[in-house]
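Inside the fold
Here is how the chains run, residue by residue.
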Amino acid sequence: MEKIVCVCGHENPTGTKICANCGRPLTEEAKSQKVLDMKYDGSAIRSKTFNKSIVDKVWNFFSSVKVGVSLIIITLVVASIGTIFPQEFYVSAGTDAERALYYETNYGSIGTLYYNLGLADLYSTWWFQVLVGMLGISIIVASIDRGFPLHKSLTKQRVKRHESFMRRQRVIAEGTITEGDSTKTLAQVEEKLKKLKYKVRRDGSALLAEKGRFARYGPYINHLGLIIFLVGVMLHQLPGMYVDDSMWIREGETRAIPGMDGYFLKSEKFIFETHDNEPTTAQIQQGVNAVAKNYQTDVILYKKSEDALPGQTDNLEVVKEYSIRVNHPLQHEGFAVYQMDFRLNELKEMTFALTNKETSESLGEITIDLRNPKKEYIINETTKVELKKYFPDFSGFNDNGEPQTLSPNPNNPAFIFNMITPDHPDGEISFVAIQQTVEPTGDNEYKMAFTGVDTVNMSGLTIRKDNTIPLLVVGAFIFLLGVAIGSYWNHRRIWVEQLEGGRIRLAAHTNKNWFGIKKELDAVTAHAHLPQYIDQLDDEKDKEDHEIEDEK
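Residues numbered from 1 in each chain as written. Predicted model: local features only at pLDDT ≥ 70, side-chain atom pairs only at ≥ 80, totals over all residues. Heavy atoms only, no water.

1. Focus: the overall build of the chain
- Summing up its helical and strand segments, the chain has twelve helices and 24 strands in all.
- Over its C-alpha trace the chain gives a radius of gyration of 39 Å, far above what one expects of a compact globule, namely 24 Å for 552 residues.
- If you line up the chain on its principal axes, its C-alpha atoms span 130 × 60 × 50 Å.
- Relative to its full complement of 552 residues, the chain shows a buried share of 42%.
- When contacts within the chain are restricted to residue pairs at least 6 apart in sequence, long-range pairs at least 24 apart make up 61% of them.
- Summed over all atoms, the accessible surface of the chain reaches about 30600 Å², with 53% contributed by carbon and sulfur.
- Taking the 63 positively charged and 73 negatively charged side chains of the chain as two groups, their mean positions are separated by 16 Å. (Helix = DSSP H or I, 4+ residues; strand = E, 2+ residues; numbered from the N terminus. Rg over C-alpha atoms; globule rule 2.2 N^0.38 Å. Buried < 20%, exposed > 50% of the residue type's maximum accessible area, 1.4 Å probe, protein only. Contact = heavy atoms within 4.5 Å. Areas by Shrake-Rupley, 256 points an atom, 1.4 Å probe, with all protein chains shown as cover. Lys, Arg positive; Asp, Glu negative; His and termini not counted. Charge placed at Lys NZ, Arg CZ, Asp CG, Glu CD.)

2. Overview of the sheet that holds strand S5 (residues 206-211)
- As summarised here, the arrangement of the six strands in space is S4-S5-S22-S23-S3-S24, forming an open sheet in which the pairing is antiparallel. Of all strands in the sheet, those with a lone pairing partner are strand S4 (199-203) and strand S24 (534-535), marking the two edges.
- Each of strand S3 (171-176), S5, strand S22 (492-498), strand S23 (503-510) and S24 is contacted by helix H11 (residues 514-528), which is oriented at about 155° to S23, the strand it contacts most. (Pairing = 2+ DSSP bridges. Axes fitted to C-alpha atoms, helices over the stretch in contact; angles between N-to-C directions.)

3. Considerations on the packing of helix H7 (residues 185-195) against H11
- Direction vectors running N to C along H7 and H11 enclose 140°, while the axes themselves pass 9 Å from each other. What the angle tells us is that H7 and H11 run oblique. Relative to H11, the crossing made by H7 is right-handed. Each of Thr 185, Gln 188, Val 189, Glu 191, Lys 192 and Leu 193 in H7 lies in contact with H11, whose residues at this interface are Ala 523, Val 524, His 527 and Ala 528.
- Looking at the contact of H7 with H11 residue by residue, the class counts come to five nonpolar, three polar and two charged. (Parallel < 35°, antiparallel > 145°, perpendicular 65-115°, else oblique. Left-handed = near helix turned anticlockwise from the far one by under 90°. Nonpolar A, V, L, I, M, F, W, Y, C, P; charged D, E, K, R; others polar.)

4. Considering the packing of aromatic side chains
- Tallied over the full model, the rule gives 23 aromatic pairs.
- Taking 5.4 Å as the distance between ring centres and 75° as the angle between the ring planes, the aromatic pair formed by Phe 394 and Phe 397 counts as edge-to-face.
- Taking the relative accessible area as the measure of exposure, Phe 394 reaches 9% and is therefore buried.
- Among the aromatic residues, ring-to-ring pairing joins Phe 85, Tyr 102, Tyr 103, Tyr 107, Tyr 114 and Tyr 115 into one connected group. (Phe/Tyr/Trp six-rings, centres within 6.5 Å; stacked < 30°, edge-to-face > 60°.)

5. Some details on the pairing of S4
- Across five bridges, the pairing between S4 and S5 is antiparallel. In the strand pairing of S5, Val 200 is matched with Ala 209.
- Linking two consecutive strands that pair antiparallel, namely S4 and S5, is a turn of two residues; a positive phi of about 65° is found at Gly 204 within it.

6. Observations concerning helix H8 (residues 218-234)
- For H8, built from 17 residues, the straight-helix expectation of 24 Å at 1.5 Å per residue is met to within 8% by its first-to-last C-alpha distance of 25 Å.
- Residues of H8 that are buried: Gly 218, Tyr 220, Asn 222, Gly 225, Ile 227, Ile 228, Leu 230 and Gly 232.
- The secondary structure elements touched by the buried residues of H8 are helix H5 (126-155) and helix H10 (469-488). (Expected span 1.5 Å × (residues − 1).)

7. Focus on the nonpolar core
- Residues Val 189, Leu 193, Leu 207, Ile 494, Val 496 and Leu 530 are the most contacted members of the largest nonpolar core, which totals 22 residues.
- If you list the elements that add at least two residues to this core, you get S3, H7, S5, S22, S23 and H11.
- Here the element with the most residues in this core is H11; it accounts for five residues.
- Excluding its chain neighbours within four sequence positions, the residues that come into contact with Ile 494 are Leu 193, Tyr 198, Leu 207, Leu 208, Ala 209, Leu 506, Ala 507, Ala 508, Ile 517 and Leu 521.
- Within the second largest apolar cluster, 18 residues are counted, among which are Tyr 114, Tyr 115, Leu 119 and Phe 128. (Core = buried A, V, L, I, M, F, W, Y, C linked by side-chain atoms within 4.5 Å.)

8. Some details on the sheet that holds strand S20 (residues 436-438)
- In spatial order, the strands read S14-S15-S18-S19-S20; together these five strands make up an open sheet with antiparallel pairing. Edge positions in the sheet fall to strand S14 (376-378) and S20, since each has one partner strand and no second. Strand-to-strand twist across the sheet, computed as the mean angle between neighbouring axes with direction ignored, equals 25°.

9. Some details on the pattern of salt bridges
- Within the structure shown, the criterion is met by 29 salt bridges.
- Ionic pairing is found between Glu 520 and Arg 492, a salt bridge with its closest N-O pair at 3.0 Å. Within this pair, whereas Glu 520 is found in helix H11, its partner Arg 492 is found in strand S22, the two being separated by 28 residues in sequence.
- Taken together, the shared-partner salt bridges connect Glu 163, Arg 167, Glu 174, Glu 497, Arg 503 and Arg 505 into one network. (Salt bridge = Lys/Arg side-chain N within 4 Å of Asp/Glu carboxyl O.)

10. Notes on a nonpolar patch on the surface
- Together, Val 65, Val 69, Ile 73 and Val 77 line one region of the surface with nonpolar side chains, adding up to about 340 Å² of accessible area.
- Of note, Val 65 is situated in helix H3 (residues 65-81).
- Here Val 65 falls in the exposed class, since its relative accessible area comes to 55%. (Patch = residues over 30% accessible without salt bridge, like charges linked within 9 Å, V, L, I, M, F, W, Y side chains within 5 Å.)

11. Description of the side chain of Asn 21
- Tracing the backbone shows Asn 21 in the loop between strand S2 (11-12) and helix H1 (28-32).
- Only 2.3 Å separates the side chain of Asn 21 from the side chain of Arg 158, close enough to count as a polar contact. (Polar contact = N/O pair within 3.5 Å; in protein donor to acceptor, adjacent residues only side chain to side chain.)

12. Remarks on the environment of Val 159
- Secondary-structure assignment places Val 159 in the loop between H5 and helix H6 (163-167).
- Contacts of Val 159, omitting those with residues within four sequence positions, involve Arg 201, Arg 202, Asp 203, Ala 206, Leu 207, Leu 208 and Trp 495.

13. Focus on the packing of H3 against H5
- Between H3 and H5, the least distance of the axes is 10 Å, while the angle of their chain directions is 155°. Considering the angle they form, H3 stands roughly antiparallel to H5. Viewed along their axes, H3 and H5 form a crossing whose handedness is left-handed. Across the interface between the two elements, Val 65, Gly 68, Leu 71, Ile 72, Ile 74, Thr 75, Val 78 and Ala 79 from H3 touch Trp 127, Phe 128, Leu 131, Met 134, Leu 135, Ser 138 and Arg 146 from H5.
- Along the lines of polarity and charge, the residues of the contact of H3 with H5 split into eleven nonpolar, three polar and one charged.

As structure tokens, this is what we get:
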């Protein structure tokens with residue numbers, strides 16, 4: 001692309017609005033402005049200059065502020081949709097079918113649609129990650145597109161500026177020094193500005209005073225923090241970087257820890273303590289009969305030995321013993337195991353007697369482990385009970401008359417038994433649930449009579465590990481630093497040029513807080529006896545107000 005050559009002879013990149021050397025306006029738009037647009041000091045912005053090739057169009061798309069804001073809004077809206085119903089992670093159902101049934105049972109057709117659209121596992125979906133990635137790309141491209149030209153312009157500022165540049169600033173002053181020695185005016189201005197913490201540069205009879213330049217980088221520091229934060233969020237998808245899993249474990253049970261390969265946890269005992277005082281009326285109305293004082297799980301952490309074969313869990317090494325309490329997790333190698341929930345007196349085993357319905361004679365008893373039921377239970381050579389189907393959390397019959405389960409937890413167990421006896425070698429089918437028995441033929445000779453139940457306490461534990469936390473903290477800190485810099489500091493510049501005949505020309509600019517720079521200009525004007533400055537925008541507004549009054 002051809003360079004734009006200014007009258008002063010300086011070559012400017014295509015798209016430059018204000019000459020980087022003398023400050024003359026180069027475009028018709030800039031020449032027509034009473035006050036120059038100093039947003040990027042008139043630098044050439046790539047997205048506003050090139051729009052021909054595919055690369056240009058892609059670059060312009062991601063550098064657009066409208067696109068960036070739209071991506072932020074879309075991401076926030078989609079993320080909020082993911083909070084309408086619980087995510088899959090918080091659903092205790094195990095298989096896809098069980099999870100689908102959970103959303104259908106609890107939330108109806110909307111829940112089914114929610115699950116089928118993938119919103120139940122929203123934050124792990126590829127398209128949500130793509131959306132976050134596009135937002136990150138937009139921030140990076142916008143920062144490069146505007147930040148680099150601005151940085152180049154600010155670091156190569158010239159002290160002397162053309163008259164057209166000076167007169168097109170918002171705050172200007174021009175006149176003759178009437179008091180004091182005009183030859184010392186520039187020195188007096190420099191002295192006062194230095195006291196006001198300005199960094200002053202001189203070039204012959206011209207002066208440039210500047211302070212707070214770093215404030216112009218606030219938004220880009222803000223962007224950098226956001227990018228680091230988004231990278232930390234996306235790293236959650238890499239194996240080993242982020243673990244947020246859960247497990248239920250019964251007293252006396254040893255289970256592999258989800259997310260901690262090679263580690264096992266044994267629950268020795270669950271302890272539940274309550275306060276001695278009675279619950280309040282409000283708590284009673286909410287169904288709270290006792291106020292929890294402490295609930296903890298005494299555990300032993302095991303590690304599989306290095307010489308153990310795959311799948312072998314016999315040879316475990318004790319790592320540590322610990323009492324997991326609320327806000328006092330078991331910590332090991334970056335992992336933390338938290339006490340999050342509990343279930344008291346959960347069904348563990350149920351005992352049934354194979355009984356003759358007419359004589360009440362029992363042929364024997366069977367005990368079913370509700371977490372790990374067997375397919376058949378042998379009483380003797382001619383008598384046994386086959387477990388055809390097991391429904392841990394029976395929730396009723398569907399439209400086809402088939403029983404269904406709400407979850408894999410034994411909250412409301414139901415069974416389909418085939419009772420094989422000497423009188424019925426082919427067996428008799430019976431559906432047995434709590435306080436409910438259904439016989440397909442309706443004329444069974446034998447029944448499964450409930451005789452007893454064994455319960456156990458369960459602990460709900462959450463396993464967490466987040467290697468991205470340092471990155472997220474750094475990103476958040478940089479983001480807040482950028483917000484503070486952009487909000488509480490401003491970039492101020494004052495150009496002063498001494499002309500022939502004791503005349504002075506002054507111009508000033510700030511990216512915000514014009515009241516502050518005007519207050520400092522008042523101090524400089526009084527100290528060096530400068531001509532009174534004017535605010536061109538304020539004067540223009542006053543003029544418009546007067547015209548409106550005249551029309552009235």
